[in-house]
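Next come the chains, spelled out residue by residue.
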Amino acid sequence: MDAVSGEQLTVSTTALGFTAGTLRPTGSDPIYRAVVHVNVGVVRMRYDGTNPTATVGISLGAGSTYTVDGLPNVSQVRMISQDGANAEVFCTYERGLGL
């Protein structure tokens, strides 16, 4: 895998996914993996096509890292703040040979 890009996201009380143009860049292969790192706050995350809520989803606190593999899963990632305060998340995107 090669890290090819990243983005900083502010996650609040509305479910938020990754930037579509980042996942499927024009003229390049699509992203295969997203490494999500929570810098500030607590988020709930899902990658099954359903929006998380403040009480449902994978809970990730500050300092947590979570890896999502496969473009179908990465494309469906949605995050929301667990406690209503803005959370800061940095995502590193990788592509290359799949697992």
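Residues numbered from 1 in each chain as written. Predicted model: local features only at pLDDT ≥ 70, side-chain atom pairs only at ≥ 80, totals over all residues. Heavy atoms only, no water.

Enumeration over the complete set of coordinates arrives at 3 salt bridges. One salt bridge in this structure joins Asp-69 and Arg-33, with 2.5 Å as the shortest N-O distance. Highlighted residues: Asp-69 in strand β5 (residues 65–69) and Arg-33 in strand β2 (residues 33–40), separated in sequence by 36 residues. You can call Asp-69 partly exposed: its relative accessible area is 25%. Its relative accessible area of 14% is what places Arg-33 among the buried residues. Where salt bridges share partners, they join Arg-33, Asp-69 and Glu-94 into one cluster. (Salt bridge = Lys/Arg side-chain N within 4 Å of Asp/Glu carboxyl O. Helix = DSSP H or I, 4+ residues; strand = E, 2+ residues; numbered from the N terminus. Buried < 20%, exposed > 50% of the residue type's maximum accessible area, 1.4 Å probe, protein only.)

This part takes up the sheet that holds strand β6 (residues 78–81). Ordered by their spatial adjacency, 3 strands build an open sheet running β4-β3-β6, and the pairing between neighbours is antiparallel. Taken across any chain shown, the strands that pair with only one partner, and hence form the sheet edges, are β4 (58–61) and β6. Averaged over neighbouring strand pairs, the angle between their axes works out to 30 degrees when direction is ignored. With 4 bridges connecting them, strand β3 (residues 42–46) and β6 associate as antiparallel partners. The partner of Arg-46 across the bridge, within β6, is Arg-78. (Pairing = 2+ DSSP bridges. Axes fitted to C-alpha atoms, helices over the stretch in contact; angles between N-to-C directions.)

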